[in-house]
Amino acid sequence: MSDIGGNRLQFRDPARAAAMAEMLERLVREIGRDPVSVMHVCGSHEQAIARFGLRAIFPRKLEVIMGPGCPICVTDMPEVDEAVALAEDGVRIATYGDMLRVPGTARSLADMQAAGAKIDVVYSVAQAAQLAANLDEELVFFASGFETTAVATAALLLSAPPANFSILSAHKYIPPVMEIVAEMPQTRVEGFLAAGHAATITGYAIFERFVERHGIPVVVAGFEPLDILAGLAKLLELIRDRRAEVANMYPRCVRREGNLRAQEVLWKVFRPVGGRWRGIAHVPNGNLRLRDEWSRFDARRRFKIDVSRLWDYAPPSLAQSCICGDIMAGIASPSACPLFGKECVPDNPVGACMVSSEGTCRIWHQYGGQLDLRQS
């Protein structure tokens, strides 16, 4: 909540939401296309849209696509294989709970845990470091997440962690993958809704060159219902007026330059490198790896990780039918996958999109997908 002009603004105000829904309807009508397709690149946006039933008040001709905004989902099989191989060699692994069931080539960390490997679930990198401090053995933190969690990982390394602690980084950096999506021949995205929490770190100026190159507007939005509706309204205004611009609809948290101190911490520890995002493509500068100065805490340099022994196993036949890549690229929806809600469910996920709480398939399964309450 915030005080604006003496009035207390409620970010879940039904009357304001209804007025904004009417605005969206009017803007789509003025654009005059069916559908008008926009993409958000954040699992937290999809969670909020599903949780609050926002698609029930979106115009029928507005298509809001979830893009590759789930860091767990885009963690590639070889990255999971590295953690599995370390666990198989007896190294203790700590990671976030969502990472446990993400499939590698043949096994997941949950499989290794069931087989007796030492796997600890933690809620933060700080908790992992504290766990290492209380152990007399090596502990590897399998780190995932976008810019926001990568800053936390970097800050921990700058605080002199225990000598037996190291990082296996699967951190990702969002701006480069937006380039990939914008350049895909099949893309029908006319505008992007950018993640407010990531922009809190990077600032919104980072999207200006992208907008210039591709002629596609970008709007930064927060995560309350009115934040999302206001962000979409601004995005539709820019599309209607054919204005390729960056707009910040999350000013209470995001500045143009971002958090300069957090950026300094991030780039002091990490460097961007190219790498494959699961199911999407090779993303130049899309992966974050530790700089040479931090090699003593880099699990890839600290241990000899042999993943080749895992590649003799063929992936399950069901996995070959998974369309998570197309879903994260905005080309398909979960309902188009023959496995969704049948062979692939949260208790028995086939693809990474069903594993994470920020995965599109998991969210749609939990909240009922594109249920249209207007038909009730």
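What counts as what
- For every chain, the first residue of its written sequence is number 1, and the numbers climb from 1 along that sequence.
- Confidence filtering applies because this is a predicted model: local features only for residues at pLDDT of at least 70, side-chain atom pairs given and counted only at 80 or more, and all residues used for totals across whole chains, interfaces and linings.
- As a rule here, side-chain values cover all heavy atoms of the structure and leave hydrogens and water aside.
- Counting from the N terminus, the helices are DSSP H or I runs at least four residues long and the strands are E runs at least two residues long.
- Throughout, exposure labels follow a simple rule: accessible area from a 1.4 Å probe, protein chains only, divided by the maximum for the residue type, with under 20% read as buried, over 50% as exposed, and the rest as partly exposed.
- By definition in these notes, contact holds between two residues if any of their heavy atoms fall within 4.5 Å.
- Here a strand pair is declared whenever DSSP counts at least two bridges between the two strands.
- Angles here are taken between N-to-C directions and fall from 0 to 180 degrees, while the axes themselves are lines fitted to C-alpha atoms, restricted in helices to the stretch in contact.
- Count a disulfide wherever a pair of cysteine sulfur atoms falls within 2.5 Å.
- Throughout, nonpolar core names a set of buried Ala, Val, Leu, Ile, Met, Phe, Trp, Tyr and Cys residues whose side chains join them through atoms within 4.5 Å.
- Classification convention: Asp, Glu, Lys, Arg as charged; Ala, Val, Leu, Ile, Met, Phe, Trp, Tyr, Cys, Pro as nonpolar; all other residues, Gly among them, as polar.
- pLDDT is a residue-level measure of predictor confidence that goes from 0 to 100.
- Crossovers are described as right-handed under a simple rule: with the strands pointing away from the observer, the path leading from the first strand over the helix to the second runs clockwise.
- Relevant arc is that of directions from the helix axis to the C-beta atoms, nothing else.
- Under the pairing criterion, centres of Phe, Tyr and Trp rings, with the six-membered ring standing for Trp, must be within 6.5 Å; the plane angle then separates stacked pairs below 30 degrees from edge-to-face pairs above 60, leaving the rest tilted.

Caption draft 1: Region of interest: the environment of A195. Checked against the element boundaries, A195 lands in strand β9 (residues 192-195). Residue A195 is classed as buried on the basis of its relative accessible area, which comes to 9%. Distance in space between the C-alpha atoms of A195 and G69 is 8.6 Å, their sequence separation being 126 residues. Here A195 is in contact with C42, H45, V220, A221 and F223, once residues within four sequence places are set aside.

Caption draft 2: Structural detail: the sheet that holds β9. With parallel pairing, the five strands of this open sheet are ordered in space as β4-β3-β9-β10-β11. Each edge of the open sheet is held by one strand with a lone partner, namely β4 (62-66) and β11 (246-248). This sheet shows a mean twist of 25° between the axes of neighbouring strands, independent of strand direction. The pairing of strand β10 (residues 218-221) with β11 spans three bridges and is parallel. Bridging from a neighbouring strand, V218 pairs with V246 of β11.

Caption draft 3: Fine view of the state of the cysteines. Summed over the entire model, instances satisfying the criterion amount to one disulfide. What pairs with C70 in a disulfide is C73, and their sulfur atoms sit 2.5 Å apart. The sign of the 70° torsion about the S-S bond sets the C70-C73 disulfide as right-handed. Among the residues examined, C73 registers a relative accessible area of 0% and is labelled buried.

Caption draft 4: Just the nonpolar core, in detail. Counting 79 residues, the largest nonpolar core has I93, L109 and F192 as the members making the most contacts within it. Leave out the neighbours within four places in its chain, and F192 touches M39, V41, M178, V181, F210, I216, P217, V218, V219 and L235.

Caption draft 5: A look at the packing of helix α5 (residues 125-133) against helix α6 (residues 147-157). Relative orientation of the contacting elements α5 and α6 amounts to 35°, with a least axis distance of 9 Å. Across the interface between the two elements, V125, A126 and A129 of α5 pack against A152, T153 and L156 of α6. By residue class, the composition of the contact of α5 with α6 is five nonpolar, one polar and no charged.

Caption draft 6: Seen up close, the confidence of the model for the protein chain. Taken as a whole, the protein chain shows an average pLDDT of 90; of its residues, 93% reach a score of 70 or greater. Every residue in residues 1-6 scores below 50 in pLDDT, and together they form 10 contacts with partners more than four places removed in sequence or on other chains. Between residues 371-376, whose pLDDT stays under 50, and residues either more than four places distant or in other chains, the model counts nine contacts.

Caption draft 7: Here's a closer look at the pairing of β10. Burial of β10 is two-sided: the residues V218 and V220 facing one way and the residues V219 and A221 facing the other way are all buried. Taken together, the four bridges between β9 and β10 define a ladder with parallel strand orientation. By the bridge assignment for β10, A195 is matched with A221. Handedness of the β-α-β unit built from β10, helix α10 (residues 225-240) and β11 comes out left-handed.

Caption draft 8: Structural view of the sheet that holds strand β6 (residues 119-121). What the four strands build is an open sheet, ordered β6-β5-β7-β8; its pairing is parallel. Here the strands that pair on one side only, and so sit at the sheet edges, are β6 and β8 (165-169). Averaged over all adjacent pairs, the angle separating strand axes in this sheet is 25°, with direction ignored. With five bridges joining them, strand β7 (residues 139-143) and β8 adopt parallel strand pairing.

Caption draft 9: Looking closely at unusual backbone geometry. Each neighbour pair has its own omega, and for D34 with P35 the value is 0°, a cis peptide bond. Unlike most non-glycine residues, A160 shows phi in positive territory, near 60°. Residue position: A160 is located in the loop between α6 and β8. In this structure, N285 takes a positive phi of about 60° despite not being glycine. In this fold, N285 is placed in strand β13 (residues 281-290).

Caption draft 10: Representation of α5 in the model. Those residues of α5 not exposed but buried are V125, A128, A129 and A132. Buried residues along α5 cover an arc of 100° about the axis, so they all sit on one side. Summarising the contacts, the buried residues of α5 are in contact with β5 (92-95), β7, α6 and β8.

Caption draft 11: How the structure looks around the packing of aromatic side chains. Going through the model one piece at a time under the given rule, you end up with five aromatic pairs. Plain terms: the ring middles of Y96 and F141 are 5.5 Å apart, the flat faces sit at 90° to each other, and that makes the pair edge-to-face. Taken together, the residues Y96 in the loop between β5 and α4 (109-114) and F141 in strand β7 connect sequence positions 45 residues apart. In this structure Y96 comes out as buried when scored by relative accessible area, which is 16%.

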